[in-house]
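Examining the three-dimensional arrangement
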Amino acid sequence: MNKQQFMENLKIKLKDESYEYVCQVMEYYDEMISDLIEDGKSEQEAIESLGDINDILSQMKGEEENIVIKKQSKKNMAFISLLLVLGFPLWGSLLATAFLCVLCAYIILWCIPIMTIAVGMAGVVCFIVGIFGSFPLFFTSLSLGLTQLGVSAIYGAFGIIGLILTYLVSRKILAYSQTMTSYIKNRSYQLLRKVGVVC
């Protein structure tokens with residue numbers, strides 16, 4: 001189990017608790033796992049050293065006073081809200097820029113299979129047209145008919161290669177896109193947790 005799975009399982013187990021309590025517990029264990037990793041343990045060893053989630057929850061029921069609950073004052077929340085509203089022209093444009101950069105990365109990635117499918121489909125269409133177009137040429141000249149047949153076979157080979165490349169490249173790009181999406185999602189959640197928007 002990795003850190004993300006542990007945190008998600010912990011959040012699911014705490015679904016009946018208040019939002020503030022869930023956020024504080026999540027922050028507490030996130031920090032604890034990070035400290036264990038900094039001490040030289042691997043992510044999996046750090047999570048295993050914490051024990052089973054059910055045991056952790058049963059210990060928390062008896063030791064709720066040990067988890068320090070930091071409540072934001074209303075004055076702080078109002079100040080943060082004011083900064084968010086006034087700073088929107090800056091952070092809003094930066095957020096839009098980041099979103100567009102990520103979108104461009106996805107578009108560039110998916111241009112490769114689009115190009116290979118275009119080559120593949122063009123090759124297949126030229127093959128079909130060339131095959132049917134070679135029959136009338138056989139009546140005119142045998143050499144023209146054979147040439148047309150040979151050229152259409154070459155186009156057919158390009159079409160098959162293009163379709164195979166599309167299949168292979170699409171699988172790799174799909175896996176890479178999923179990895180990239182997961183990374184962006186995790187980084188976004190970490191950032192939003194630090195700000196206190198989500199837990």
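Here we summarise the structure given alongside this text.

**Considerations on the overall build of the protein**
For the protein, the count of helices and strands is seven helices and zero strands. In the protein, the succession of α and β elements from N to C terminus is α-α-α-α-α-α-α. Relative to its length of 199 residues, the protein is extended, with a C-alpha radius of gyration of 29 Å against a globular reference of 16 Å. Seen along its three principal axes, the alpha-carbon backbone of the protein occupies a region of about 95 × 45 × 35 Å. The buried share of the protein, reckoned over its 199 residues, is 22%. Taking the contacts inside the protein whose residues are at least 6 apart along the sequence as the reference set, 66% of them involve residues at least 24 apart. On the protein, roughly 14400 Å² of surface is accessible, and the fraction owed to carbon and sulfur atoms is 68%.

**Looking at the nonpolar core**
Formed by 18 residues in total, the largest nonpolar core has its most connected members in Phe6, Leu10, Leu14, Tyr29 and Met60. Residue assignment for this core shows that the elements contributing at least two residues are α1 (3-13), α2 (19-38), α3 (43-50) and α4 (53-62). Looking at which element gives the most residues to this core, the answer is α2, with seven residues. What Tyr29 contacts, discounting residues up to four positions off in sequence, is Phe6, Met7, Leu10, Leu50, Ile56 and Met60. Core analysis: the second largest hydrophobic core is formed by five residues, Tyr106, Leu109, Val169 and Met180 among them.

**Considering helix α6 (residues 88-140)**
Taking 1.5 Å of rise per residue, the 53 residues of α6 would be expected to cover 78 Å, and the 74 Å separating its terminal C-alpha atoms lies within 8% of that figure. When the local axis directions of α6 are compared, the greatest deviation, roughly 30°, occurs at Ser134, which is followed within four positions by the proline Pro136.

**What to know about a nonpolar patch on the surface**
Nonpolar side chains collect at one region of the surface, where Met77, Phe79, Ile80, Leu83, Leu84, Phe88, Trp91 and Leu95 lie side by side and expose about 800 Å² of accessible area between them. Residue assignment for the nonpolar patch shows that the elements contributing at least two residues are α5 (74-86) and α6. Top element by residues in the nonpolar patch is α5. It accounts for five residues. The topology assignment puts Leu95 in helix α6.

**Some thoughts on the side chain of Thr166**
Mapped onto the elements, Thr166 comes out in helix α7 (residues 142-195). A residue is classified by how much of its surface remains accessible, and Thr166, at 10% relative accessible area, is buried. Within the structure, Thr166 has its side chain in polar contact with the side chain of Thr116 (distance 2.8 Å). Only 2.7 Å separates the side chain of Thr166 from the backbone oxygen of Gly162, close enough to count as a polar contact. In this view, Thr166 contacts Pro113, Thr116 and Ile117; residues no more than four positions away in its chain are not counted.

**Quick notes on α2**
Over its 20 residues, α2 extends 28 Å from the first C-alpha to the last, a length consistent with the 28 Å expected when each residue adds 1.5 Å. By the burial criterion, the buried members of α2 are Tyr21, Val22, Cys23, Gln24, Val25, Met26, Tyr29, Ile33 and Leu36. In the segment just after α2, Gly40 is the residue with positive phi, at about 110°.

**Looking at the packing of aromatic side chains**
Across all of its chains, the model carries three aromatic pairs by this definition. Look at Phe6 and Tyr29: their rings are 6.5 Å apart centre to centre, the planes differ by 65°, and that puts the pair in the edge-to-face class. Of the two residues, Phe6 sits in helix α1 while Tyr29 sits in helix α2, which places them 23 residues apart along the sequence. As far as the burial class goes, Phe6 and Tyr29 line up, both buried. Aromatic side chains Tyr28 and Tyr29 sit 5.0 Å apart centroid to centroid with 90° between the ring planes, which places their arrangement in the edge-to-face category. Of the residues examined, Tyr28 reaches a relative accessible area of 34% and is grouped as partly exposed.

**Things to note about the packing of α2 against α3**
The angle between the axes and the distance between the axes are what describe a pair of packed helices. Across the interface, α2 lies against α3 with an axial gap of 9 Å and an inter-helix angle of 125°. Taken together, the axes of α2 and α3 lie oblique to each other. Along this stretch, α2 crosses α3, giving a crossing that reads as right-handed. The residues of α3 that touch α2, namely those facing Tyr29, Met32, Ile33, Leu36 and Ile37, are Glu43, Ala46, Ile47, Ser49 and Leu50. Residues belonging to the contact of α2 with α3 are distributed by class as follows: eight nonpolar, one polar and one charged.

Cut-offs used in this document
Residues numbered from 1 in each chain as written. Predicted model: local features only at pLDDT ≥ 70, side-chain atom pairs only at ≥ 80, totals over all residues. Heavy atoms only, no water. Helix = DSSP H or I, 4+ residues; strand = E, 2+ residues; numbered from the N terminus. Rg over C-alpha atoms; globule rule 2.2 N^0.38 Å. Buried < 20%, exposed > 50% of the residue type's maximum accessible area, 1.4 Å probe, protein only. Contact = heavy atoms within 4.5 Å. Areas by Shrake-Rupley, 256 points an atom, 1.4 Å probe, with all protein chains shown as cover. Core = buried A, V, L, I, M, F, W, Y, C linked by side-chain atoms within 4.5 Å. Expected span 1.5 Å × (residues − 1). Bend = angle between axes of the 7 residues up to and from the residue. Patch = residues over 30% accessible without salt bridge, like charges linked within 9 Å, V, L, I, M, F, W, Y side chains within 5 Å. Salt bridge = Lys/Arg side-chain N within 4 Å of Asp/Glu carboxyl O. Polar contact = N/O pair within 3.5 Å; in protein donor to acceptor, adjacent residues only side chain to side chain. Phe/Tyr/Trp six-rings, centres within 6.5 Å; stacked < 30°, edge-to-face > 60°. Axes fitted to C-alpha atoms, helices over the stretch in contact; angles between N-to-C directions. Parallel < 35°, antiparallel > 145°, perpendicular 65-115°, else oblique. Left-handed = near helix turned anticlockwise from the far one by under 90°. Nonpolar A, V, L, I, M, F, W, Y, C, P; charged D, E, K, R; others polar.

Fair warning: the whole summary comes from geometry, so function is off the table for now.
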